[in-house]
Amino acid sequence: MSENSIVFFEQIAEKFVTLWLQLINLIIKNMRITGHKNHSADLSALGIRNATEYWNLTPAELTEFTLCKGQGNLNNTGALAIDTGEFTGRSPNDRFIVKDAITEHHVDWGGKFNIPFSSENFDKLYDKVCAYLGEKEVFVRDAFACAHPKYKMGVRVVTEYPWQNIFAYNMFIRPTQDDIQRFQPEWHVISAPGFRANPAEDGTRQHNFAVINFTRKTIIIGGTGYTGEIKKGIFSVLNFVLPVFKGVLPMHCSANVGKAEDTAIFFGLSGTGKTTLSADEKRRLIGDDEHGWADDNVFNFEGGCYAKCINLDPNKEPQIFDAIKFGALLENINFKSGTRTVDYDNVDKTENTRVSYPIYHVDNIVSSQVGGKPRNIFFLTCDAFGVLPPISRLTPQQTMYHFMSGYTAKVAGTEVGITEPQTTFSACFGAPFLPLHPSKYAEMLGAKIKNSNVNVWLVNTGWTAGSYGVGYRIKLRDTRAIIQAALEGKLDNVPYIDDPIFGLQVPMQCPNVDSNMLNPENTWADKDAYRATALALAEKFVSNFRKFEAETSDAILSAAPRTVLV
């Protein structure tokens with residue numbers, strides 16, 4: 001068949017799908033949609049009165065509501081596409097924690113992310129949000145956080161928009177019907193994107209906010225429709241509750257399990273590859289973003305995945321691509337002109353295009369979402385300066401140093417005003433979500449590693465052969481091959497060299513990978529430029545770590561990179 005014929009049939013198929021979706025939309029808009037209310041509870045106890053309440057609707061019913069309200073469209077695979085409005089990402093400067101008897105002496109108030117909020121302002125703002133939702137249609141979701149039965153926490157999510165409730169269905173752990181009948185929420189999340197705060201009256205920075213109250217066990221979110229605020233709000237809660245009261249280490253990481261029941265976890269900031277690299281056809285997925293490490297296992301906090309869609313390629317990321325079907329929620333994407341086919345390369349709205357889907361959209365998963373102790377830990381960094389090796393093995397001291405550093409780099413185009421690579425240090429690879437001082441999480445990780453037979457690796461998923469704009473990004477197939485070799489123990493007995501600046505142990509050989517690229521200096525044409533760039537990045541590491549020096553041992557401080565070559 002000729003190329004022109006293939007294009008012709010693709011166009012015909014696209015038109016057929018578009019007409020079919022238009023017909024479905026027309027049918028849905030003329031349906032009488034009714035809610036399924038859980039009669040064992042209502043929202044009046046929360047202060048939300050006279051609202052039309054829809055409890056625990058199915059994704060299909062919530063999709064119908066969304067389409068009828070004109071708030072979304074189906075794509076050509078049946079996924080629901082919506083826009084989150086003004087905010088297409090989290091707003092960390094507008095996330096607050098109520099400072100009271102529970103939090104005052106535990107929360108790290110010295111950092112820039114844990115912004116104190118008074119109990120009085122919370123109570124007033126809470127009442128305003130509930131009054132706003134009164135007499136509206138609201139959508140209620142009963143769900144759980146934490147797959148481990150010992151730590152499972154009931155969460156009731158109340159949302160203004162139906163598609164927010166799809167997100168909650170996808171991302172939290174779904175209860176059985178029996179669970180729903182006897183459901184007792186420990187925490188509440190109330191999200192009202194249409195409500196705008198008055199900063200002068202309400203104590204917020206601007207009209208949007210997310211406020212966590214550990215005494216009332218409630219999160220209120222307003223002025224933003226970005227769904228990630230819901231999941232990261234509960235993640236912040238778990239980052240406080242689990243280490244303080246349960247002795248569990250919360251982690252911003254993905255996790256999977258191999259055929260030998262070997263668990264691997266992948267720490268990393270957004271865009272470094274947590275979701276992509278944990279989605280491995282040869283291994284079963286535990287989860288893609290948030291986990292706890294208890295005494296003898298690793299368990300998922302969530303019931304779904306929240307993947308970045310930018311430049312999504314079915315050949316490179318088939319599990320994610322295939323998961324985008326009915327029940328998945330696409331955020332802030334663009335369609336190809338005249339079609340319902342997503343243009344994953346289009347960033348007109350944002351580079352932070354996203355999709356959420358329940359974990360059962362992935363075939364090879366750990367059904368319990370619980371794995372054993374990790375045998376391999378990967379710290380993922382997207383080094384846009386191109387000087388960190390594709391993989392290096394870390395000593396215990398280096399592990400602590402790089403965990404507390406949490407390095408990656410933003411590149412041009414990711415945020416307004418960024419025209420060249422910028423270093424980003426986010427302690428424990430998740431500083432915006434950590435109520436406690438980073439040293440608390442680092443101490444817990446160090447203790448768990450000490451009591452486990454685990455390898456720790458630093459993996460650069462960013463650039464080589466030069467910085468961003470000069471070199472090239474390390475190919476995903478090479479990163480996958482490197483990680484596979486580490487998981488299979490094929491890097492255990494190869495020769496290593498010490499990086500003279502960062503002190504990292506760099507393998508000289510790796511199956512299915514060009515040995516020349518393992519040492520980044522070899523890939524740079526200008527060796528002097530490499531050394532100058534590496535030393536400049538090393539200085540940024542040292543400068544960033546100064547805030548931890550007073551609470552850090554000499555052994556960990558000795559793992560700092562060198563800022564002068566001798």
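To start, this report covers the structure provided alongside it.

About the cut-offs
Residues numbered from 1 in each chain as written. Predicted model: local features only at pLDDT ≥ 70, side-chain atom pairs only at ≥ 80, totals over all residues. Heavy atoms only, no water. Axes fitted to C-alpha atoms, helices over the stretch in contact; angles between N-to-C directions. Helix = DSSP H or I, 4+ residues; strand = E, 2+ residues; numbered from the N terminus. Parallel < 35°, antiparallel > 145°, perpendicular 65-115°, else oblique. Left-handed = near helix turned anticlockwise from the far one by under 90°. Contact = heavy atoms within 4.5 Å. Expected span 1.5 Å × (residues − 1). Buried < 20%, exposed > 50% of the residue type's maximum accessible area, 1.4 Å probe, protein only. Pairing = 2+ DSSP bridges. Polar contact = N/O pair within 3.5 Å; in protein donor to acceptor, adjacent residues only side chain to side chain. Phe/Tyr/Trp six-rings, centres within 6.5 Å; stacked < 30°, edge-to-face > 60°.

### Thoughts on the packing of helix α10 (residues 396-405) against helix α11 (residues 438-450)
α11 packs onto α10 with a crossing angle of 150 degrees between their chain directions and a minimal axis gap of 10 Å. For the element pair α10 / α11, the angle class is roughly antiparallel. Along this stretch, α10 crosses α11, giving a crossing that reads as right-handed. Packed against α10, whose contacting residues are Thr399, Met400, Phe403 and Met404, the element α11 presents Ser439, Tyr441, Ala442, Glu443, Leu445, Gly446 and Ile449 at the interface.

### Some thoughts on α11
If you check α11, its first and last C-alpha atoms are 18 Å apart, about what 13 residues at 1.5 Å a residue would give, namely 18 Å. Listed in full, the buried residues belonging to α11 are Pro438, Ser439, Tyr441, Ala442, Met444, Leu445, Gly446, Lys448 and Ile449. Looking at the buried positions of α11, the neighbouring elements they touch are α7 (228-246), β11 (249-257), β14 (290-293), β20 (374-381), α10 and β24 (455-460).

### Describing the sheet that holds strand β3 (residues 80-82)
Spatial ordering of the open sheet is given by β2-β3-β17-β18-β16, a layout of 5 strands whose pairing is mixed. The outermost strands of the open sheet, each flanked by one partner alone, are β2 (72-74) and β16 (304-308). Adjacent strand axes in the sheet meet at a mean angle of 20 degrees, parallel and antiparallel pairs treated alike. Strand direction decides the pairing type here: strand β17 (residues 329-331) and strand β18 (residues 354-358), joined by 3 bridges, are antiparallel. Of the residues in β18, the one forming a bridge with Leu330 is Val355. Across the sheet, helix α2 (residues 59-68) is in contact with β2 and β3; its angle to β2 comes to roughly 120 degrees.

### Some remarks on the side chain of Asn460
Looking at where Asn460 falls in the secondary structure, it is placed in strand β24. Taking the relative accessible area as the measure of exposure, Asn460 reaches 1% and is therefore buried. At 2.7 Å, the side chain of Asn460 forms a polar contact with the backbone nitrogen of Gly462. Leave out the neighbours within four places in its chain, and Asn460 touches Thr381, Cys382, Asp383, Leu388, Pro389, Pro390 and Ile474.

### Re the sheet that holds strand β1 (residues 52-55)
Read across the sheet, 8 strands follow the order β1-β6-β7-β8-β10-β9-β4-β5 without closing on themselves; strand pairing throughout is mixed. Whereas interior strands pair on both sides, the edge strands pair on one side only; in this sheet they are β1 and β5 (115-117). Taking the axes of each pair of neighbouring strands and ignoring which way they run, one obtains an average angle of 25 degrees across the sheet. Pairing geometry for strand β4 (residues 95-98) and β5, over 3 bridges, is parallel. Among the inter-strand pairings, Phe96 is bridged to a residue of β5, identified as Ile115.

### Overview of the packing of aromatic side chains
Two numbers describe a pair of aromatic rings. These are the distance of the centres and the angle of the planes. With the rule as written, the count across this model stands at 34 aromatic pairs. When the centroid spacing of 5.0 Å and the interplanar angle of 15 degrees are considered together, the rings of Phe266 and Phe378 count as stacked. Within this pair, whereas Phe266 is found in strand β12 (residues 263-267), its partner Phe378 is found in strand β20, the two being separated by 112 residues in sequence. The buried category is assigned to Phe266, whose relative accessible area is 0%. Measuring from ring centre to ring centre gives 5.4 Å for Phe267 and Phe403, while their planes differ by 75 degrees; the resulting arrangement is edge-to-face. In this pair, Phe267 is assigned in strand β12 and Phe403 in helix α10, connecting sequence segments 136 residues apart.

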